[in-house]
Amino acid sequence: MTRFVAGRIGFYTLIAVLLAFFTIPLLWLATAPFTSDPTYEVRVPDFTFENFQMIIDHPYALWSLVNSLVLSIGTALLVVVLSALAAYALSRVRLPGRDALLYALLLLSSIITGTAAMVPLFQLAIELNLIDSHTGLILILSGGLLPAAIFMIKDFMDSTPKSYEESARVFGASPLQIVAHVVVPLVRPGLATIAVWTVANVWGNFLMPYLLLSDVEKQPAAVIMYTLYTEGGQANLKVLSTFGLLYSIPVVLMYLFVSKKYGFRFHGGIKR
Amino acid sequence: MAAIELRGLTKVYPGGVKALDSLDLNIPDGEFFALLGPSGCGKTTLLRTIAGLETATGGAVVIGDRDVTGIQPGARDIAMVFQDYALFPHMDVTDNIAYPLRIKKVAKAERQRKAAAVGARLGLELLMDRRPGQLSGGQQQRVALARVMATQAQAFLFDEPLSNLDARLRLEARTFLKKLQRELGVTTVFVTHDQAEALAMADRMAVMEAGHIRQIGTPAEVFQRPANTFVASFIGSTPMNLLDAVVRSDTLEVAGCKVPVPASAEGLLVDGEKIVYGVRPEYMSYTAEPADGSLSGDVVIVENLGASHLVTLEVADVLVQAVVPEGREPELGEQGFAVPRRDRALAYRDGELVSA
């Protein structure tokens, strides 16, 4: 009995330590923006808003959040639409070597990540005159995310019975009507998951925008954050913490909204 | 409403599998027609080819007076109930029933009114706001039926309409379907692998095997006079006795016993030829006393069928079955005599029925 109790106490202590490890940075993020002189410690804030004023006065900070929104929502739209259409076709048409193709794409897209593809992508963007353009960046980011997105969505498509579509077809529905009326509603949780995953990916992506956008006015928050230093070259914790808080709020809100509305699922299957 | 006609319909799958081999079939307007056969015989392929979900390799499908062979399923003016009913899980019952009307661009108020009317006819009034997942199997089936009724199509196609119901409900649904089809009077083709279902519901039926139609006829014709030994062994809840026989002038020698030549084959058999003698257990009368023209042997198995018993006799190493009414069942091991009804017995030469 005592051994059992001791075991329990040990278990919960371990959990508490682990939790503290993850909680402290979050606590810091929640308190430091409201502290007039933040350090690396977590302290009870004095509820000042002057840090936020500094962000508002910053020439690029707020715009960079708008840029982040444009880039991530644009990429998410493109990825969702293209991956849904591609996955539907791949799921319904029997092509020789289809699965091999999918796995190869997935594998290549995860091996050749940003750093490895940095130089060729930069050259490609220059050749295509897509440097310093949000459209260009959205295209390149979408290209990187599409293989994984198609792979995930195809699983959802595979698990929708063919008879639903055939039934609609016999009633006279056109292929686009079938997709709109039957397929998309059935895979909606999958599409929501892909959209959120894309937004989160783009939101946190530093390398690609840093590489392809030289105009400060076009740079997203992830890149601007990198410039928030004092004149002495020290990290400016006042601005950095405040900006960090503003930077994380949209993503958290999105997670909460989508999770409530659709629920996250990473595999197919129909809830009847 | 329209008749359905198939002319030399052939379907060859890539890889060379011949699912349908030059089928000809006429289904008159308003008929309830069954496609019956074991799994893999091509009956579902045939139904899907009529629907247009499979393209015919050769031949023609004519619905009404229109050749629809090359036409898309949606333009054939037919409606289909799928084996799993294919109700859209994200739509409620009203939207499901109204879906064909939505495709035809009927205004929303009008299609909801129509859906409500059809739903009410099938007793779905209280379920109209539910999703398919909240319905029982029987209710789902009625929603699927309501949905095809809402189309007002020229012909209905049902793929195994009863196979997703449990045994008890299946009998009720059988009666219900037959009554509904009679009331609507729409030409209806259904596929089943259950011979009892086909016999019970259909006006006429086609028995299929390996891409061929082996017999077309009313349930009574198919049951009483199977055109070949395949149909004979496939139809009937107790399999037909199919026994090797040799013709001896006006009698047949079957497993060492002498039985009279079947009435239907009288004068058509050649002395000394080998045939297959067929008689259903239902058309055998069993007696414990020696009788003329009977098959005699020892009782080896007695199976209870409810109101009757299926008695198996061992006649010179051949098993012969007879149905015996309740209260008259014999003891195991006793000697018994099975007298076939001469007017119901059949003779098969090379697997085909011998008849005038």
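Notes on the structure in this doc start here.

Cut-off values and rules
Residues numbered from 1 in each chain as written. Chains lettered and ligands numbered in written order. Predicted model: local features only at pLDDT ≥ 70, side-chain atom pairs only at ≥ 80, totals over all residues. Axes fitted to C-alpha atoms, helices over the stretch in contact; angles between N-to-C directions. Helix = DSSP H or I, 4+ residues; strand = E, 2+ residues; numbered from the N terminus. Parallel < 35°, antiparallel > 145°, perpendicular 65-115°, else oblique. Left-handed = near helix turned anticlockwise from the far one by under 90°. Contact = placed C-beta atoms within 7 Å. Nonpolar A, V, L, I, M, F, W, Y, C, P; charged D, E, K, R; others polar. Buried ≥ 20, exposed ≤ 12 C-beta atoms within 10 Å, placed from the backbone. Pairing = 2+ DSSP bridges. Core = buried A, V, L, I, M, F, W, Y, C linked by C-beta atoms within 7 Å. Expected span 1.5 Å × (residues − 1). Bend = angle between axes of the 7 residues up to and from the residue.

1. Observations concerning the packing of helix α4 (residues 137-151) of chain B against helix α5 (residues 167-184) of chain B
All names here are of chain B. Where α4 contacts α5, the two axes come as close as 11 Å, and the packing angle between them is 15°. Comparing their axes, α5 and α4 come out roughly parallel. Crossing of α4 over α5 shows right-handed handedness. Two secondary-structure elements touch here, α4 through Gly137, Gly138, Gln141, Leu145 and Met149 and α5 through Leu169, Ala173, Leu180 and Leu184. Considering only residue class, the contact of α4 with α5 consists of six nonpolar, three polar and no charged.

2. Regarding the pairing of strand β17 (residues 308-315) of chain B
Each regular strand shows side chains that alternate between the opposite faces of the sheet. Residue and element names in this part refer to chain B. Alternating residues of β17 divide into His309, Val311, Leu313 and Val315, all buried, and Ser308, Leu310, Thr312 and Glu314, none buried. Where strand β16 (residues 295-304) and β17 come together, six bridges link them in antiparallel fashion. Within the sheet, the bridge partner assigned to Asn304 lies in β17 and is His309. Counted between consecutive antiparallel strands, the loop separating β16 from β17 contains three residues, among which Gly306 sits at a positive phi close to 100°. Across eight bridges, β17 lies against strand β18 (residues 318-325) in antiparallel orientation. Paired with Thr312 across the two strands is Gln321, which belongs to β18.

3. Considering the nonpolar core
Ranked by size, the top nonpolar core spans 149 residues in total, and within it Ile153 of chain A together with Leu157 and Tyr277 of chain B carry the most contacts. In this structure, Ala61, Ala221, Ala222 and Val239 of chain A belong to the second largest nonpolar core, which totals nine residues.

4. Some words on the interface of chain A and chain B
Across the contact, 16 residues belong to chain A and 21 residues belong to chain B. Where the side of chain A that touches chain B is concerned, the elements lending two or more residues are α7 (162-170) and α8 (175-203) of chain A. Of all the elements, α7 of chain A adds the most residues to the side of chain A that touches chain B, at six residues. When grouped by side-chain class, the residues that make up the side of chain A that touches chain B number nine nonpolar, four polar and three charged.

5. Regarding helix α11 (residues 237-261) of chain A
All names here are of chain A. Here α11 spans 36 Å end to end across 25 residues, near enough to the 36 Å set by a 1.5 Å rise per residue. The largest bend in α11 is about 25°, located at Ile249, with the proline Pro250 one to four residues further on. Within the sequence span of α11, burial applies to Leu237, Lys238, Val239, Ser241, Thr242, Phe243 and Tyr247. Looking at the buried side of α11, the elements it contacts are α1 (2-31), α2 (50-57), α3 (61-92) and α10 (221-224).

Shape is all these values report; function is a separate question.
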